[in-house]
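# Examining the three-dimensional arrangement
Chain by chain, the residues:
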Number of protein chains: 2
Amino acid sequence: MVYFDSASSSPLHPVARQALAASLDEGWADPARLYREGRRARLLLDAAREAAADAVGCRPDELVFTSSGTRAVHSGIAGTLAGRRRTGRHLVVSAVEHSSVLHAAEAHRAAGGESGEVAVDRAGRVDPQAYAAALRSGTALACLQSANHEVGTEQPVAEVARVCGEAGVPLLVDAAQSLPWGQVAGDWSLLTASAHKWGGPPGVGLLAVRKGVRFAAQGPADERESGRAPGFENVPAIVAAAASLRAVRQEAAVEADRLRGLVERIRQRVPELVPDVEVVGDPVRRLPHLVTFSCLYVDGETLLHELDRAGFSVSSGSSCTSSTLIPSHVLKAMGVLSEGNVRLSLPSGTSEEDVERFLAVLPDAVRSVREKLGAPSGRPRPADALRATVAEAGAASVSGPANDDTYANGADATYANGAADEGENGAEGVSEGDEKPALTVDSLGKRCPVPVIELAKVIGDIGIGEIVAVLSDDEAARLDFPAWCAMRDQEYVGERPADRGTAYLVRRRP
Amino acid sequence: MVYFDSASSSPLHPVARQALAASLDEGWADPARLYREGRRARLLLDAAREAAADAVGCRPDELVFTSSGTRAVHSGIAGTLAGRRRTGRHLVVSAVEHSSVLHAAEAHRAAGGESGEVAVDRAGRVDPQAYAAALRSGTALACLQSANHEVGTEQPVAEVARVCGEAGVPLLVDAAQSLPWGQVAGDWSLLTASAHKWGGPPGVGLLAVRKGVRFAAQGPADERESGRAPGFENVPAIVAAAASLRAVRQEAAVEADRLRGLVERIRQRVPELVPDVEVVGDPVRRLPHLVTFSCLYVDGETLLHELDRAGFSVSSGSSCTSSTLIPSHVLKAMGVLSEGNVRLSLPSGTSEEDVERFLAVLPDAVRSVREKLGAPSGRPRPADALRATVAEAGAASVSGPANDDTYANGADATYANGAADEGENGAEGVSEGDEKPALTVDSLGKRCPVPVIELAKVIGDIGIGEIVAVLSDDEAARLDFPAWCAMRDQEYVGERPADRGTAYLVRRRP
């Protein structure tokens, strides 16, 4: 099995394993105790804190160990919001933060606070000026990841820290993905990270709070870890986490260059090998080891299973791979295709051979999924050709959608184009501003990527300039119809509420 | 080094070590992922949950793994209080709960909630009827430990669960100390525990919430662990914790009998070997492996250092061993002596030889501390004999208190006995109700056990029926003066506010 999901979790680094074994022997006692075993645990904990602080770039007394990266984020945000409550209750986050940050923002709003989201560009990157604009007099805290966990885009942390500093607002940086590769540049105020992302054991997060940041730890009192992380200190895991971070950092410069080359190869080759693929994320300002792409007409979950069968472990931001059936909020914020989404994050030591093998199996895996879905295959082609393909695909379909779409002339749809005349709907008669669909496809109850496949099948049936409406209640549709239009050079007219679900309108272009 | 502090933390059980090593290889991936490594982690997690649920006596879907016992307590209490908020905001706890419970109660009060404490008897045990009386219509939750962590007293959980059940109030049982020995009897509603207390690794707590308990997890959303324990699941540690619990339980019945015998020996022999010792906690209804005693005229921290030098690791609830200089709230609630406090909690496998060796070194260790403090030595004796000792001890003192007490006739004290006549203060003239001290000792700024030692030194200087006042600003004095009086059969009159600190009044008895 080749594991290409290190952004999710990494196996234990050999150095971490050694450190863990040793400190399970030496560091199991309560470091608050006065006897020998306790003092020994305290020494180990202190040394680990110094090593980790050195790697983070802060003072040891600014750093505490939490029970996870998620806890570090939750505690860091809650503590700063409480400590700066007199300033105000406004929180600023980017739209592509890790769910732990967005959930903390949600909890803050539920408790009566306010929050604002800074949008990203199509590469997933925030604009520092957008942060500057989002800050206001009552802003207590701003949060920004150092690099995105799903698409690898690096954020302009130093610039955002500068605009935050000028506004007197502390900036919390979620450095979970980038910390193994190096210190976070810029004048951040708080920083969080998670050890199992760099080959440390699970159960250890980092929370650094710069001196001078007003911070009031929330929750019941607990004197351990400066009152910022309740519970018995997990000394063995902390020691292993610090040792692993140090080891990973020593290899980071060389390994980053090597993995960057492999990722560059994937970024270039995948679109050559597989038709209808969109590689997403910033091509240059990115994490060295992470690449994400989406495949049109592909069910992400089925593709993951195909790749798993072929011996590759990867992850996906497609809606069908989440328990909530909602596509990744990151892909959504970027406005890119979410169907058939694949994220590869290469662990340290990934071999060229494994990458080549992946590139060798991917095309067949995608083709197989598309065939099962009865999806249009091949490269973009003119609508006339597509028209023929639709009929073929429908007939050849094995597990694909039943070919029973109702081609009603908009009769089922609730959206009314008040301004349009009630005359004929022939292709010739449709003007640019007219939203009356020539064709309505009922894709209700069908999940990504089926609604888009059904759109692709019928777009050739309408005239140039005419509109097709697809009724869908799938969350991914909102993202995937516009993305399909961009990839196929068709006009996305917009979405309208319908009796059931939503009608997505697409105008056929020549 | 002989480690007698398993109630604080236990070294890793061999079974846990094996399970940890294996599951670091097999269970490091994200159990939410669909690929092979993820599915394998999920299987391990599911199996661990079944094993732990079996040991707890609940359904697997009622049990989640938290990052510590403290977290389990905090989350269990916060979730139930929130879930039952419509019922009311009243929380009932015992006075001897673990600090994590009391801190959660404190946080609840700080957030506008109410809480009540149920007192304990001198053995540290609650009365179920006192729980019944403490419950009221707005009570959302009651908490009771299964057994006390400092003195080992077992609580009547089944009976308290019954009165709670009758009142429709859920009972949360903190089973941290007793779970390795067996299931908690009775119809509890929530249960918490901590793996490093039974030889599991740190970083794993258990929270069981019975179906039917209204529960609303607090803090930011997180879909892991039924939404009750945010953060990446620590699968390797969870697997090791469950394996260790199962292993410890298999040995529990035999080992409990053996340790119970060793503890019984300590309970009997210590008062024979060491003068002026109070063994505390219920002698019968107690944890098998835990025993606590307090030594008059002894500085707990110095005694711990002496025992550490002699090769024994033990803990103490004395004020001088806490960072806050406040004696254990447990000893306080029991009304027993807190100075020179020693808790022994024997790990599984403790040998008879180690116990005998401890009993051999203890008397010298205590004697040495008392000598350094210039404390009265030997067994209780009549006041005349004591009077002589005081002079001796004062002269012989090495690091003991300076012999410069001001023997002012109450001139410094602010407490006035309005009813007493302003006449002579001679011993003969003092009536039973008169609180005017014949002697005032200024012990301000001196820490436990010095104020009690100074009291012991002067009590023989006053007449029978006369009162000595000791001025003290040490938190432990409130506990130790009454305890000394009980042990010495002197009358504790009470405490009065003074200009500085508090005046503690003791009437000399024949």
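See above for the structure.
A brief look at the structure comes next. This is a predicted model, so every value here is computed, not measured. (Residues numbered from 1 in each chain as written. Chains lettered and ligands numbered in written order. Predicted model: local features only at pLDDT ≥ 70, side-chain atom pairs only at ≥ 80, totals over all residues. Heavy atoms only, no water.)

### Focus: the overall build of chain A
Stated formally: Counting from the N terminus, the helices are the DSSP runs of H or I reaching at least four residues and the strands are the DSSP runs of E reaching at least two. The cut-offs for exposure are 20% and 50% of the maximum accessible area for each residue type, with area from a 1.4 Å probe on protein chains only; residues under the lower value are buried, those over the upper are exposed, and the others partly exposed.
Scanning chain A from N- to C-terminus turns up 13 helices and 16 strands. Across the 510 residues of chain A, 60% fall into the buried class.

### Considerations on the interface of chain B and chain A
To keep things clear, this is the line we draw: What makes two residues a contact is simply this: any of their non-hydrogen atoms within 4.5 Å. Accessible area, probed at 1.4 Å, shrinks when two parts are joined; the buried area is that loss added up over both. By convention in these notes, a salt bridge is any Lys or Arg side-chain nitrogen within 4 Å of a carboxyl oxygen on Asp or Glu.
Taken together, the 57 residues of chain B in the interface contact 57 residues of chain A. Here chain B and chain A share an interface that buries about 4600 Å² over both sides, 58% of which is from carbon and sulfur atoms. Joining chain B to chain A, the criterion identifies six salt bridges. A salt bridge links B:Arg39 to A:Asp308; the nearest nitrogen and oxygen atoms lie 2.7 Å apart.

### Quick word on the environment of B:Val169
Residue and element names in this part refer to chain B. Looking at the secondary structure, you find Val169 in the loop between α6 (157-167) and β6 (171-174). Using a relative accessible area of 5% as the deciding quantity, one classes Val169 as buried. Along the sequence, Val169 and Arg136 sit 33 residues apart, while their C-alpha atoms lie 9.1 Å from each other. Apart from the residues lying within four places of it in its own chain, the contact partners of Val169 are Arg84, Leu135, Thr139, Ala140, Leu141, Ala142 and Cys164.

### Observations concerning helix α2 (residues 36-56) of chain B
All names here are of chain B. Using the following cut-off: Expected helix span is computed as 1.5 Å times (number of residues minus one).
Look at α2: 30 Å from first C-alpha to last across 21 residues, which is about the 30 Å you get at 1.5 Å a residue. Of the residues making up α2, those classed as buried are Glu37, Gly38, Ala41, Leu45, Ala48, Arg49, Ala51, Ala52, Ala53, Ala55 and Val56. Of the residues one or two after α2, Gly57 is the one with positive phi, at around 90 degrees.

### A short note on the packing of aromatic side chains
What counts, and what does not: When the centres of two rings from Phe, Tyr and Trp lie within 6.5 Å, Trp using its six-membered ring, the rings pair. Their planes under 30 degrees apart give stacked, over 60 give edge-to-face, and anything left gives tilted.
Applying the stated criterion to the full structure yields twelve aromatic pairs over all chains. Here the aromatic rings of A:Phe4 and A:Phe358 are separated by 6.0 Å at their centres, their planes lie at 65 degrees, and the arrangement is edge-to-face. Taken together, the positions of A:Phe4 in the loop between β1 (2-3) and α1 (14-26) and A:Phe358 in helix α10 (residues 352-373) put the pair 354 residues apart, joining distant regions of the chain. For the pair A:Phe4 and A:Phe358, a shared accessibility class is recorded, and that class is buried. With centroids separated by 5.0 Å and ring planes inclined at 25 degrees, the aromatic side chains of B:Phe481 and B:Tyr504 adopt a geometry described as stacked. Here B:Phe481 is found in helix α13 (residues 477-488), whereas its partner B:Tyr504 is found in strand β16 (residues 502-507), with 23 residues between them in sequence. Taken individually, B:Phe481 and B:Tyr504 each receive the classification buried, so the pair is uniform in this respect.

### Quick look at the sheet that holds strand β12 (residues 341-345) of chain B
Residues and elements named next belong to chain B. Short version of the rule: At least two DSSP bridges between two strands are required for those strands to pair. Working convention: axes come from line fits to C-alpha atoms, limited for helices to the stretch in contact. Angles between N-to-C directions cover 0 to 180 degrees.
Overall, antiparallel pairing links the three strands, which are arranged β9-β10-β12 in an open sheet. On the outer flanks of this sheet lie β9 (277-280) and β12, each paired with one strand and no other. Taken over all neighbouring pairs, the strand axes of this sheet differ in orientation by 20 degrees on average, direction set aside. Relative to strand β10 (residues 290-295), β9 runs antiparallel, the two being bridged by four bridges. Looking at the pairing, Val277 lines up with Cys295 of β10.

### Let's talk about the sheet that holds strand β10 (residues 290-295) of chain A
Residue and element names in this part refer to chain A. Here three strands make up an open sheet; going across it, the order is β9-β10-β12 and the pairing antiparallel. The strands lining the two open edges of the sheet, one partner per strand, are β9 (277-280) and β12 (341-345). Neighbour-to-neighbour, the strand axes of the sheet open up by a mean angle of 20 degrees, direction not taken into account.

### Section: the environment of B:Pro156
Residues and elements named next belong to chain B. In this structure, Pro156 sits in the loop between β5 (139-145) and α6. Judged by relative accessible area, which is 4%, Pro156 ranks as buried. As a C-alpha pair, Pro156 and Val126 span 30 residues in sequence and 7.3 Å in three-dimensional space. Non-local contacts of Pro156, meaning those with residues more than four positions away in its chain, are made with Arg125, Val126, Pro128 and Leu144.

### Notes on the pairing of β10(A)
Residue and element names in this part refer to chain A. Along β10, six of the six residues are buried, which leaves the element largely enclosed by surrounding structure. Inspection of the sheet shows β10 paired to β12 by five bridges, in the antiparallel sense. When the sheet's bridge partners are listed, Thr292 is paired in β12 with Arg343.

### Regarding the pairing of β5(B)
All names here are of chain B. Which entries qualify depends on this criterion: By convention, a crossover is right-handed whenever its connection, traced from the first strand over the helix to the second and viewed with the strands pointing away, goes clockwise.
The element β5 is largely enclosed, with a buried count of seven among its seven residues. Alignment of strand β3 (residues 90-94) against β5, held across three bridges, turns out to be parallel. Its bridge partner lying in β5, Val92 is registered against Ala142. Of the pairings in the sheet, the one linking β5 to β6 comprises four bridges and is parallel in character. What sits directly across from Cys143, in β6, is Leu172. At this point the chain moves from β5, through α6, to the parallel β6, and the crossover so formed is right-handed.

### Some thoughts on the relation of the copies chain B and chain A
Relating one copy of the chain to the other takes a rotation about an axis and a shift parallel to that axis. To be explicit about the condition: A least-squares superposition brings the copies together, and it is based on the C-alpha atoms of residues with pLDDT no lower than 70 in both.
The operation relating chain B to chain A is a screw motion whose rotation component is 180 degrees, with 0.0 Å of axial translation and a residual RMSD of 0.0 Å. The relationship between the two copies is best expressed as a two-fold rotation axis. Here 100% of the contact residues of chain B are again contact residues in chain A; the copies associate through an equivalent surface.

### Thoughts on the packing of helix α7 (residues 235-273) of chain B against helix α10 (residues 352-373) of chain B
Residue and element names in this part refer to chain B. Applied cut-off: The cut-offs work like this: below 35 degrees is roughly parallel, past 145 is roughly antiparallel, 65 to 115 is roughly perpendicular, and the gaps in between are oblique. By convention, the crossing between two helices is left-handed when the near helix turns anticlockwise from the far helix through less than a right angle, and right-handed when the turn is clockwise.
With their axes 10 Å apart at the nearest point, α7 and α10 run at an angle of 15 degrees to one another. Relative to α10, α7 is oriented roughly parallel. In this structure, the crossing between α7 and α10 has a hand that is right-handed. Contacts between α7 and α10 involve Leu262, Arg265, Ile266, Arg269, Val270 and Leu273 from the first element and Glu352, Val355, Glu356, Leu359, Leu362 and Pro363 from the second.

### A look at α7(B)
Put simply, the rule is: Two axes enter the definition of the bend at a residue: one is fitted to the seven residues ending there, the other to the seven starting there, and the bend is the angle between them.
Between its first and last C-alpha, α7(B) extends only 48 Å over 39 residues, short of the 57 Å set by a 1.5 Å rise per residue. At B:Ala252, α7(B) shows its largest kink, close to 60 degrees.

### So, the pattern of salt bridges
Residue and element names in this part refer to chain A. Counted by the stated rule, this structure contains 63 salt bridges over all chains. The closest approach of N and O atoms between Asp282 and Arg285, which form a salt bridge, is 3.5 Å. Residue classification places Asp282 among the buried residues on the basis of a relative accessible area of 7%. A relative accessible area of 41% means that Arg285 is categorised as partly exposed.

### Digging into the packing of helix α12 (residues 450-458) of chain A against helix α13 (residues 477-488) of chain A
Residue and element names in this part refer to chain A. Running from amino to carboxyl end, α12 crosses α13 at an angle of 35 degrees, the nearest separation of the two axes being 9 Å. Crossing handedness for the pair α12 and α13: right-handed. On α13, the residues that touch Pro451, Val452, Leu455 and Ala456 of α12 are Asp480, Phe481 and Trp484.

### Observations concerning the side chain of B:Glu225
All names here are of chain B. Rule in force here: Polar contacts, as counted here, are pairs of nitrogen or oxygen atoms within 3.5 Å of one another; within protein the pair requires one atom able to donate a hydrogen and one able to accept it, and residues that are adjacent in sequence qualify only if both atoms are side-chain atoms.
Here Glu225 shows up in the loop between β8 (205-209) and α7. With relative accessibility at 7%, the residue Glu225 sits in the buried group. A distance of 2.7 Å separates a polar side-chain atom of Glu225 from the backbone nitrogen of Phe65. Sequence-distant contacts of Glu225, that is, excluding residues within four places in its chain, are made with Leu45, Arg49, Val64, Phe65 and Glu233.

### A closer look at the side chain of B:Ser23
One can find B:Ser23 in helix α1 (residues 14-26). When sequence neighbours within four positions are dropped, the list of residues in contact with B:Ser23 reads B:Trp28, B:Leu44, B:Pro236 and B:Val239.

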